[in-house]
Amino acid sequence: MDWRDHGILLTARRHGETAAIIEVFTETHGRHAGVVRGGASRKIAPILQPGAQLDVLWRARLQEHIGTFQVEPLRSRAAAAFSGRLALSGLNAVVALLSFCLPEREPHPGIYRQTEQLMDLLGQDEIWPLAYLRWELALLEELGFGLDLTRCAVTGTTEGLAYVSPKTGRAVSAEGAGDWADRLLPLPPVLRGQGAAPDDEIAAGLRTTGYFLAHRMAPSLGHTPLPEARARFIDQFTRRL
């Protein structure tokens with residue numbers, strides 16, 4: 001059994017004295033693990049950094065085996081990731097969420113392509129948080145928890161949309177919210193792809209996507225809390241507000 005693909009390195013951990021077990025998010029084979037022989041060596045270990053773009057060849061005697069990877073670097077994102085705290089915490093949030101929520105060996109080419117585009121923006125701190133917010137929206141959509149922000153769930157209007165229902169993920173207008181407004185989540189224009197996307201709106205949008213990640217997606221995986229890496233990124237981002 002073998003296949004070749006390219007993908008983004010999510011995790012790497014030492015295995016024995018000289019090998020490493022890596023997890024790669026690939027375009028056509030999804031999140032996939034395998035052993036890299038010599039992965040702990042001075043030659044290969046520097047390649048196996050989270051976020052690295054790799055060409056991988058996977059082989060195993062049987063499909064259900066963990067198998068082995070041969071890896072070739074396509075491009076490193078280490079320099080961008082270590083350009084500042086926001087970039088590093090953002091990269092860690094992305095790889096942690098992908099490892100947390102994606103089923104193993106299940107292809108998700110749409111979110112893969114958006115992830116690759118997001119990773120290529122690392123280090124561009126002025127635009128990265130907005131790209132990250134859009135990525136979280138896409139991740140929710142990909143996993144079946146997408147938000148419907150087109151019209152008010154109460155009145156049907158497309159005007160004055162100001163909130164998101166935490167129960168349904170649907171938009172609610174200021175008029176339709178009534179006395180329930182304080183129980184709803186914010187719907188800043190940036191979540192609908194409108195306006196200039198200032199940082200305070202992005203932060204409000206991340207509060208809303210974070211709710212659905214924590215209270216809808218995570219419970220579907222067995223009530224596991226979200227990776228702390230996401231909270232660290234949000235904290236790092238909100239410090240600049």
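Residues numbered from 1 in each chain as written. Predicted model: local features only at pLDDT ≥ 70, side-chain atom pairs only at ≥ 80, totals over all residues. Heavy atoms only, no water.

*Asks:* Explanation requested: the nonpolar core in the structure shown.
*Replies:* In a soluble, globular protein the nonpolar side chains are often hidden away together inside. Membership of the largest hydrophobic core comes to 54 residues, with the highest contact counts inside it found for Val-94, Leu-98, Tyr-132, Trp-135 and Phe-233. Of all the secondary structure elements, the ones that give two or more residues to this core are strand S1 (2–15), helix H2 (85–101), helix H3 (109–119), helix H4 (128–142), strand S6 (161–164), strand S7 (171–173), helix H6 (199–220) and helix H7 (228–238). Residues in contact with Tyr-132, not counting those within four places in the same chain, are Ala-93, Val-94, Leu-97, Leu-118, Leu-206, Arg-230 and Phe-233. Membership of the second largest hydrophobic core comes to 15 residues, among which are Trp-3, Leu-9, Ile-22 and Ala-60. (Core = buried A, V, L, I, M, F, W, Y, C linked by side-chain atoms within 4.5 Å. Buried < 20%, exposed > 50% of the residue type's maximum accessible area, 1.4 Å probe, protein only. Helix = DSSP H or I, 4+ residues; strand = E, 2+ residues; numbered from the N terminus. Contact = heavy atoms within 4.5 Å.)

*Asks:* How should the packing of H2 against H3 be read in this particular structure?
*Replies:* Interaxial distance between H2 and H3 falls to 11 Å at its minimum, and their mutual angle equals 165°. Considering their axes alone, H2 and H3 lie roughly antiparallel with respect to each other. Judged by the twist between their axes, the crossing of H2 over H3 is left-handed. Residues Leu-91, Val-94, Val-95 and Leu-98 of H2 form the contact with H3, whose participating residues are Thr-115, Leu-118 and Met-119. For the contact of H2 with H3, the per-class residue count stands at six nonpolar, one polar and no charged. (Axes fitted to C-alpha atoms, helices over the stretch in contact; angles between N-to-C directions. Parallel < 35°, antiparallel > 145°, perpendicular 65-115°, else oblique. Left-handed = near helix turned anticlockwise from the far one by under 90°. Nonpolar A, V, L, I, M, F, W, Y, C, P; charged D, E, K, R; others polar.)

*Asks:* Just checking my understanding: could you explain the side chain of Ser-165 for this structure?
*Replies:* Following the sequence through the fold, Ser-165 ends up in the loop between S6 and S7. Beyond its immediate sequence surroundings of up to four residues, Ser-165 is in contact with Arg-170, Val-172, Leu-184 and Phe-212.

*Asks:* Can you help me understand the packing of H3 against H4 in this one?
*Replies:* The relative placement of two packed helices is expressed as an angle between their axes plus a distance between the axes. Contact pair H3 / H4: the axes reach a minimum separation of 10 Å and the direction vectors enclose 170°. By the angle class used here, H3 and H4 are roughly antiparallel. Where H3 abuts H4, its residues Ile-111, Gln-114, Thr-115 and Leu-118 lie against Trp-128, Ala-131, Tyr-132, Arg-134, Trp-135, Ala-138, Leu-139 and Glu-142. Taken together, the residues of the contact of H3 with H4 break down into eight nonpolar, two polar and two charged.

*Asks:* Would you explain H7 in this entry?
*Replies:* Note that an α-helix has 3.6 residues per turn; residues three or four places apart therefore point the same way. Among all positions in H7, only Ala-229, Arg-230, Phe-233, Ile-234 and Phe-237 are buried. For H7, the angular spread of the buried residues around the axis is 140°, confining them to a single face. Turned more than 90 degrees away from the buried face of H7 sit Glu-228 and Arg-232, all of them exposed. In this fold, the buried residues of H7 make contact with H2, H4 and H6. (Arc of directions from axis to C-beta.)

*Asks:* Which parts of the structure should I look at to understand the sheet that holds strand S8 (residues 185–186)?
*Replies:* Each strand in a sheet pairs with its neighbour through backbone hydrogen bonds, running either in the same direction (parallel) or in the opposite one (antiparallel). If you walk across this open sheet you meet the three strands as S7-S6-S8, and the pairing is antiparallel. Bordering the open sheet on either side are S7 and S8, each of which pairs with just one other strand. Note: S6 against S8, two bridges, orientation antiparallel. Along S8, the bridge assignment pairs Val-164 with Leu-185. (Pairing = 2+ DSSP bridges.)

*Asks:* Can you walk me through the pattern of salt bridges in this structure?
*Replies:* Inspection of every chain in the model, using the stated rule, returns eleven salt bridges. For the salt bridge of Arg-113 with Glu-27, the shortest nitrogen-to-oxygen distance reads 3.6 Å. Taken together, the residues span a long stretch of sequence, with Arg-113 in helix H3 and Glu-27 in the loop between strand S2 (19–26) and strand S3 (30–36) at a distance of 86 residues. With a relative accessible area of 19%, Glu-27 lands in the buried category. Between Asp-120 and Arg-77 there is a salt bridge whose closest N-O contact spans 2.8 Å. Here Arg-77 lies in the loop between strand S5 (68–75) and helix H1 (78–81) and Asp-120 lies in the loop between H3 and H4, a separation of 43 residues in the sequence. (Salt bridge = Lys/Arg side-chain N within 4 Å of Asp/Glu carboxyl O.)

*Asks:* Honestly, the environment of Phe-69 in this entry has me stumped. Any pointers?
*Replies:* Among the structural elements, Phe-69 can be located in strand S5. Separated by 65 residues in sequence, Phe-69 and Arg-4 have C-alpha atoms that sit 9.5 Å apart. With sequence-adjacent residues up to four places away left out, Phe-69 is seen in contact with Trp-3, Ile-22, Val-24, His-32, Ala-33, Gly-34, Val-35, Val-36, Val-56, Leu-57 and Trp-58.

*Asks:* Can you walk me through the environment of Ile-111 in this structure?
*Replies:* With respect to the element layout, Ile-111 can be found in helix H3. According to the relative accessible area criterion, Ile-111 is buried, its value standing at 1%. When the C-alpha atoms of Ile-111 and Glu-136 are compared, they prove to be 9.7 Å apart, with 25 residues separating the residues in sequence. Once you skip the residues sitting within four places of it in the chain, Ile-111 turns out to touch Phe-25, Trp-135, Ala-138, Leu-139 and Glu-142.

*Asks:* Quick question: what am I supposed to make of the environment of Gln-194 here?
*Replies:* For Gln-194, the location among the structural elements is in the loop between S8 and H6. With 129 residues separating them in the primary sequence, Gln-194 and His-65 have C-alpha atoms 47 Å apart.

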